[in-house]
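The primary structure of each chain is shown beneath.
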2 protein chains.
Amino acid sequence: MSARTAELRAIKPAGQGLRERRRQQTRAEITDAALELFAQGSVAATTVDDIASAAGVSPRTFFRYFASKEEAALPVHQEFNAALADGLPAVDPGSDLRREVNGLYGLMVRPYLDNDSPAAQRMLQVSRLIRKEPALRAAMVRQNLERTEEVQQALAARLGPERTDPLELRLAIDIASVVVRASLDTWASQLEAGGPADLAAIYRRALEFAK
Amino acid sequence: MSARTAELRAIKPAGQGLRERRRQQTRAEITDAALELFAQGSVAATTVDDIASAAGVSPRTFFRYFASKEEAALPVHQEFNAALADGLPAVDPGSDLRREVNGLYGLMVRPYLDNDSPAAQRMLQVSRLIRKEPALRAAMVRQNLERTEEVQQALAARLGPERTDPLELRLAIDIASVVVRASLDTWASQLEAGGPADLAAIYRRALEFAK
DNA sequence: TGTCAATATGGCAGTATCTGCCACAATGGC
DNA sequence: GCCATTGTGGCAGATACTGCCATATTGACA
């Protein structure tokens, strides 16, 4: 957990040495293996040993990268955290709270605005899986909770302890989070159903409705 | 999971025979044991065997009542579901969606409006534990997710499939849920800190802020 | 370039979680 | 009071996860 906190706070060094690059690569390989096995069979029917062996690592090593098999299938977590970490410094403590937090969380949808981008395609793949697998939804809300708590701490520190009402800060963050997730889900559902979908438009509509 | 769906839909029969009453009693005993052991030690340090033995049942029976030790400590789940099930028939399909859903979820805070009531005291006890234990927070958001999905289905059925935009329904529910949880958390925090706290006022303020 | 500290990996043992299955006991309707 | 239904416990087994140690790889620095 402290590792994840650091993840949010620290500015990502890009290719810091071969060591870190290999680590990210291994991480990606595990995720790919998990996604494929989950898609083929099911989360319940897939064991950690299966994933580890498919990824070419030992089960022991698997648990050094992910706390559970469910988390291995949710790489978006990292992208989200990165987006938030990038946006944190730009939050204006003087401006309207809801607006600022919505702006921050809005960064999370940016990588997927182009339906044909690789990022969007990957997100769709993961979304499909999540919709089919309650276990993955549970893992997702868990990650979401942790992220929310970290953001709350970070924003409280940035805005000043007494400058912001805890209730309002909490609500601003949770609502922003809910708006983003509902938008992404709706977008993915529409695309999966075969129809067209404009994430930007959906997100704008969600923001308006939540206001 | 289908058991829980039924739980939400069915109108609770009160004391349907000795059998059901004993079942509720056993359930309560397990919960009490779990809460006490968690408070004494920690969730991690407490095993299912500990809880089961303290409650006077076998571990095998424990798992017939709760899916995990964390869930055993969150009995509020049932109260929340009951409140929502009670309120569902009163939802007016013709009225404003956000307002109706907020009204429905508002039922969840009613039992705790009086700080001195037994229900409030129990909620405070659980809240204190939840604030200390990330594992319980994770279990809580998981329950919240399931409840949210059930409510969404129930409301979609009640409002008519084409009458309501999925995005708006989803947002209305999630926001209402977030408002209630933030209110209860704030209320519990304030009371725990020793100060006075008016749940009704907090909830009104949260609703206003979220509007 | 060679050496050393730091770090990643794998294996192993051990504990805890959770489930299916079976036998047995308690209950409640008739 | 009989019988179908339901709750309970025990057992075996699979899986998830962790601590510990040995080993190998990497990267910094002399």
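In this text the structure is predicted, and so the values were computed from the model without any measurement.

Remarks on the overall build of chain A
- Secondary structure summary: chain A contains 11 helices and zero strands in total.
- Element order for chain A, N to C, with α for helix and β for strand: α-α-α-α-α-α-α-α-α-α-α.
- The C-alpha radius of gyration computed for chain A amounts to 18 Å, which stays within 12% of the reference 17 Å derived for 211 residues, consistent with globular compactness.
- Dimensions of chain A, computed from the C-alpha atoms along their principal axes, are close to 50 × 40 × 30 Å.
- Residue burial in chain A is summarised as follows: out of 211 residues, 49% are buried.

Side note on the protein's contact with DNA strand D
- The full set close to DNA strand D counts 21 residues, and L18(A), R19(A), R60(A), T61(B) and R64(B) are the nearest of them.
- In this structure, a phosphate oxygen belonging to DNA strand D sits 3.2 Å away from a side-chain N or O atom of K69(A).
- One of the backbone N or O atoms of S58(B) is found 3.0 Å from a phosphate oxygen in DNA strand D.
- For the surface near DNA strand D, the secondary structure elements donating two or more residues are α2 (17–40) and α4 (59–65) of chain A together with α2 (17–40) and α4 (59–65) of chain B.
- The greatest single-element share of the surface near DNA strand D, amounting to four residues, is contributed by α4(B).
- Of the residues in the surface near DNA strand D, the class split is six nonpolar, seven polar and eight charged.

Description of the interface of chain A and chain B
- Counting from both sides, the interface comprises 31 residues of chain A and, opposite them, 31 residues of chain B.
- Among the ionic pairs, E149(B) bridges to R137(A), the shortest N-O distance being 2.6 Å.
- At the surface where chain A touches chain B, the tally comes to eight residue pairs in polar contact (both at pLDDT 80 or more).
- Going through the elements one at a time, α7 (97–106), α9 (134–159), α10 (166–192) and α11 (199–210) of chain A are the ones with two or more residues in the side of chain A that touches chain B.

A short note on the relation of the copies chain A and chain B
- Mapping chain A onto chain B leaves a residual RMSD of 0.0 Å; the transformation is a rotation of 180° accompanied by 0.0 Å of translation along its axis. These values place the two chain copies in the arrangement generated by a two-fold rotation axis.
- Same-surface contact between copies: 100% of interface residues of chain A are shared with the interface of chain B.

Some thoughts on the UniProt feature "DNA-binding region" (unreviewed entry) in chain A
- Under the present numbering, the feature "DNA-binding region" (unreviewed entry) in UniProt falls on residues 47–66 of chain A.
- A helix fraction of 75% and a strand fraction of 0% characterise residues 47–66 of chain A, whose end C-alpha atoms lie 13 Å from each other.

Structural notes on empty space enclosed by the protein
All names here are of chain A.
- Throughout the structure, instances matching the rule amount to two cavities of 30 Å³ or more.
- Here the second largest cavity is characterised by a volume of approximately 30 Å³.
- Top contributing element to the lining of the second largest cavity by residue count: helix α8 (residues 118–132), with three residues.
- Tallied by class, residues from the lining of the second largest cavity come to five nonpolar, no polar and two charged.

Points about the nonpolar core
- Counting residues in each nonpolar core, the largest one holds 127 residues, and the members touching the most others are W187(A) and W187(B).
- Those residues in contact with W187(A) that lie beyond four places of it in its chain are Y112(A), N115(A), A120(A), M123(A), L124(A), A197(A), D198(A), L199(A) and I202(A).

A few points about the domain arrangement of chain A
Residues and elements named next belong to chain A.
- Domain boundaries in chain A define domain 1 (2–68) and domain 2 (76–210).
- In this structure, domain 1 and domain 2 have C-alpha centres spaced 22 Å apart.
- In this complex, domain 1 contributes 15 residues to the contact, which on the side of domain 2 involves 17 residues.
- In total, domain 1 and domain 2 occlude about 1400 Å² of area from one another, counting both sides; carbon and sulfur atoms represent 54% of this.
- Linking domain 1 with domain 2 are one salt bridge, by the criterion used here.

What counts and how
Residues numbered from 1 in each chain as written. Chains lettered and ligands numbered in written order. Predicted model: local features only at pLDDT ≥ 70, side-chain atom pairs only at ≥ 80, totals over all residues. Heavy atoms only, no water. Helix = DSSP H or I, 4+ residues; strand = E, 2+ residues; numbered from the N terminus. Rg over C-alpha atoms; globule rule 2.2 N^0.38 Å. Buried < 20%, exposed > 50% of the residue type's maximum accessible area, 1.4 Å probe, protein only. Near = heavy atom within 4 Å. Polar contact = N/O pair within 3.5 Å; in protein donor to acceptor, adjacent residues only side chain to side chain. Nonpolar A, V, L, I, M, F, W, Y, C, P; charged D, E, K, R; others polar. Contact = heavy atoms within 4.5 Å. Salt bridge = Lys/Arg side-chain N within 4 Å of Asp/Glu carboxyl O. Least-squares fit on C-alpha atoms with pLDDT ≥ 70 in both. UniProt positions renumbered as here; feature names shortened; annotations may be inferred. 1 Å grid on protein atoms, 1.4 Å probe; cavity = no way out; pocket = protein on both sides within 12 Å on 5 of 7 lines; lining within 4 Å. Points joined across faces, edges and corners; volume = space filled by probe spheres on them. Core = buried A, V, L, I, M, F, W, Y, C linked by side-chain atoms within 4.5 Å. Domains from an automatic or database assignment. Buried area = accessible area lost by both parts, 1.4 Å probe.

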